Amino acid sequence: MSKPFEFADFINEFKVSFTFTKVEEGSWQSNGDYIPGGATTVQMEGIILPLTEDDLRYSEAGSYSVKDKKIYTTDTLENGQVIEYKGDTYTIQSFKDYSEYADVYIYLARWREK
């Protein structure tokens, strides 16, 4: 069944590339050996926009700055994941769940100092 609002074509038209680092935790094997985790860099695409004045004022996750971003993507991210876009690093802070209405995921990402 289709969603009332379909933005995937819009994202495909205006998408930009960004990366996120997927961190995998280490694990203990049954023989007692520890296998360390690692980090994998994954290329993603989506629309990355500055926050609106309403986003800056009324976020449930606290206040944001003008350096923070809103990300629209057809792929899922998790809170706490780190992404990189145009040389800047951001942490995914919150997820706006519109999955019943739209075919995209919307995230708020906080800029991190280098």
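Residues numbered from 1 in each chain as written. Predicted model: local features only at pLDDT ≥ 70, side-chain atom pairs only at ≥ 80, totals over all residues. Heavy atoms only, no water.

Would you take a moment to explain the overall build of the protein chain for this structure?
Each helix and strand counted, the protein chain has two helices and eight strands in total. Mapped from its N terminus to its C terminus, the protein chain presents α and β elements in the order α-β-β-β-β-α-β-β-β-β. Residues counted as buried form 26% of the 114 residues belonging to the protein chain. Of all intrachain contacts in the protein chain linking residues separated by at least 6 positions in sequence, the fraction that spans at least 24 positions is 53%. Split by element, the accessible area of the protein chain, about 7900 Å² in all, is 48% carbon and sulfur. (Helix = DSSP H or I, 4+ residues; strand = E, 2+ residues; numbered from the N terminus. Buried < 20%, exposed > 50% of the residue type's maximum accessible area, 1.4 Å probe, protein only. Contact = heavy atoms within 4.5 Å. Areas by Shrake-Rupley, 256 points an atom, 1.4 Å probe, with all protein chains shown as cover.)

Just to check I follow, could you spell out the pattern of salt bridges for this structure?
Once the charged atoms of two side chains with opposite charge are near each other, the side chains can pair. This model, assessed by the stated rule, comprises two salt bridges. Across the pair Lys-15 and Glu-45 runs a salt bridge, and its minimum N-O distance is 3.3 Å. Separated by 30 residues along the polypeptide, Lys-15 in the loop between α1 (8–14) and β1 (16–24) and Glu-45 in strand β4 (residues 38–50) bring together distant segments of the chain. Residue Lys-15 is classed as partly exposed on the basis of its relative accessible area of 35%. The exposure class assigned to Glu-45 is partly exposed, which follows from its relative accessible area of 36%. A salt bridge links Arg-110 to Asp-68; the nearest nitrogen and oxygen atoms lie 3.9 Å apart. Taken as a pair, Arg-110 in strand β8 (residues 105–112) and Asp-68 in the loop between α2 (53–58) and β5 (69–73) lie far apart in primary sequence, 42 residues in all. A residue is classified by how much of its surface remains accessible, and Arg-110, at 25% relative accessible area, is partly exposed. (Salt bridge = Lys/Arg side-chain N within 4 Å of Asp/Glu carboxyl O.)

Honestly, the packing of aromatic side chains in this entry has me stumped. Any pointers?
Any aromatic ring pair is given by two values, namely how distant the centres are and how the planes are angled relative to each other. Applying the stated criterion across every chain yields a total of four aromatic pairs. Seen from the ring of Trp-111, Lys-67 lies directly overhead, with NZ or CZ sitting 4.0 Å from the centre. (Phe/Tyr/Trp six-rings, centres within 6.5 Å; stacked < 30°, edge-to-face > 60°. Lys NZ or Arg CZ within 6 Å of the ring centre and 35° of its normal.)

Spatial relationships are all this shows, so hold off on functional conclusions.
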